[in-house]
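The residues making up each chain are set out below.
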Amino acid sequence: MTAPSHRRVLAASFVGTTIEFYDFYVYATAAALVFGELFFPAGAPGTQQLAAFATLAVAFFARPVGSLVFGHFGDRIGRKSTLVASLLTMGVSTTLVAVLPTYAQAGWIAPIALCVLRFGQGFGLGGEWGGAALLAVEHAPPGWRARYGSAPQLGAPAGFVAANGLFLLLGLWLSPAEFREWGWRIPFAVSALLVVVGLWIRLKLTETPEFAASLAEAPPPAVPIAELLGRHLGATLAGTVGAIACFAAYYVGTAFLLGYGTKTLGYPMQTFLLMQLGAILFMGVGIWIAAWLADARFDERRVLAGGCVATIGVGFLIAPLMAAGAGGAFAFLSVTLFAMGFVYGPLGAWLPGLFPPRVRYTGASIAFNVAGVIGGGLTPLVAQGLAMEHGLAAVGWYLSAAAGLSLVALVAMRSRPSGPVDLMV
């Protein structure tokens, strides 16, 4: 089979990740809007929303498990087959949510089934991001690694636009009762069609040049995770902490604020979704600018560190801007997601660059997904609790602290041009 063109490689990385993140975001949006009242019994004010956000966290704990499994096969048998399997796992789990019974219909079976499928989503996504990033970066010509690595990163805002855009249209076309009864199921059912598109693109790929060269030099590791932790533990820990900021910024600005904005601040669902759709474009712009800066002017680590500094400052803006009406809320969402582009865009090249090709799938996937547990898995839940007890300012402090933690990790590192990153001594 002839080698695929770089355009096809980037398309496969972008489109596949867009579909995976679409699946992930339709769940986050539905959890913020309707899952609390549909899948959990009534309780004290805010408890149903807390329960819905708790199911959101299930996938983040599943993602490291998925990264272990898919990373194992990605480093042993190849990137292509593993990416196909991760896409199928995610797509089937998402599609099945469309046919779940509610709590009123099935009692506690309903939230348990919801959590099982949410675990499947996280398990599939655990193998998706690392493979998509490697697919792009391991085909990149010299001087273009960060820009090629931004292809899967751009799939995140694209998936968000597709997911929330569909929810916005459903909110406009359907009455609130129709949306609550059956309309929310449509975005989950659409996932089946998108997965077919992603499979068609990915099945036409071949293995990456760097993976093929690695196999030519030596057999793959028998147990990639053992070699990773035995020889590259420092890089794994550093990459994990360095990636925390992007998850905290994203899930404060999307899942948490969507629920808080519509249920506490009183914005109509369509209005807040439209604001988020506009703001997410700033994230896409931030990703591309950050990737260009990482290739042309600085390096990935320095751009990530600069994004962390900006995100620390953003945390102090949440209370005054969200209290300033729709204009202030849109400004906060836009600034937050633009800054998030700088702590997210260069990760597609930086994290794979910490590891040699023979354990790169496992290393990049584990670092990214464990960071997701720490920085994103509990963020909507914690933010909701902080807002209920202490107000939005406390949520901002939480966001700033998460970015500060990543900044410390990045500042405490120095990069070597041709290899992994070492901790400063």
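Residues numbered from 1 in each chain as written. Predicted model: local features only at pLDDT ≥ 70, side-chain atom pairs only at ≥ 80, totals over all residues. Heavy atoms only, no water.

Student: What is the right way to look at the nonpolar core in this model?
Tutor: The nonpolar side chains of a soluble globular protein tend to be buried, and buried together. Counting residues in hydrophobic clusters, the biggest one holds 114 residues, and the most contacted among them are F35, W184, Y344 and L347. Ranked by the residues each element gives to this core, the list is headed by helix α1 (residues 6-39), at 17 residues. Beyond its immediate stretch of four places on either side in the chain, Y344 contacts F21, W129, P152, Q153, A156, C246, M283, I287, L304 and F368. Membership of the second largest hydrophobic core comes to 9 residues, among which are A290, A291, L293 and V303. (Core = buried A, V, L, I, M, F, W, Y, C linked by side-chain atoms within 4.5 Å. Buried < 20%, exposed > 50% of the residue type's maximum accessible area, 1.4 Å probe, protein only. Helix = DSSP H or I, 4+ residues; strand = E, 2+ residues; numbered from the N terminus. Contact = heavy atoms within 4.5 Å.)

Student: How should I be thinking about the side chain of T362 in this particular structure?
Tutor: Along the chain, T362 falls in helix α18 (residues 360-377). Side-chain polar atoms of T362 contact the backbone oxygen of G71, separated by 3.0 Å. Contact partners of T362, with chain neighbours within four places excluded, come to G71, H72, D75, P224, I225 and L228. (Polar contact = N/O pair within 3.5 Å; in protein donor to acceptor, adjacent residues only side chain to side chain.)

Student: It is not clear to me how the environment of T262 should be interpreted in this structure. Could you clarify?
Tutor: Along the chain, T262 turns up in helix α12 (residues 244-263). Taking the C-alpha atoms as reference points, T262 and A32, 230 residues apart in sequence, are found 8.9 Å from one another. Ignoring any residue separated from it by four or fewer positions in sequence, one finds T262 in contact with L33, L257, Y267, P268, M269 and F272.

Student: Help me understand the pattern of salt bridges in this model?
Tutor: Between side chains of opposite charge, a pair can form when the charged atoms approach closely. Under the defined criterion, the tally for this structure stands at 11 salt bridges. The residue R79 makes a salt bridge to D75 at a minimum N-O spacing of 3.2 Å. Several salt bridges share partner residues, and in doing so they unite D75, R79, E138, R145, E210 and R360 into one network. (Salt bridge = Lys/Arg side-chain N within 4 Å of Asp/Glu carboxyl O.)

Student: How do you make sense of the packing of aromatic side chains when you look at a structure like this?
Tutor: Working definition: an aromatic ring pair is given by the centre-to-centre distance plus the angle between the planes. Scanning the model with the defined rule gives 22 aromatic pairs in all. With 5.1 Å between their ring centres and 85 degrees between their planes, F35 and F39 make a pair best called edge-to-face. Here F35 and its partner F39 are both found in helix α1, 4 residues apart, which amounts to about one turn of the helix. Pair check on accessibility: F35 and F39 agree, each one buried. Aromatic side chains F35 and F188 sit 6.0 Å apart centroid to centroid with 20 degrees between the ring planes, which places their arrangement in the stacked category. Here F35, found in helix α1, pairs with F188, found in helix α8 (residues 186-202); they are 153 residues apart in sequence, far enough to count as distant. (Phe/Tyr/Trp six-rings, centres within 6.5 Å; stacked < 30°, edge-to-face > 60°.)

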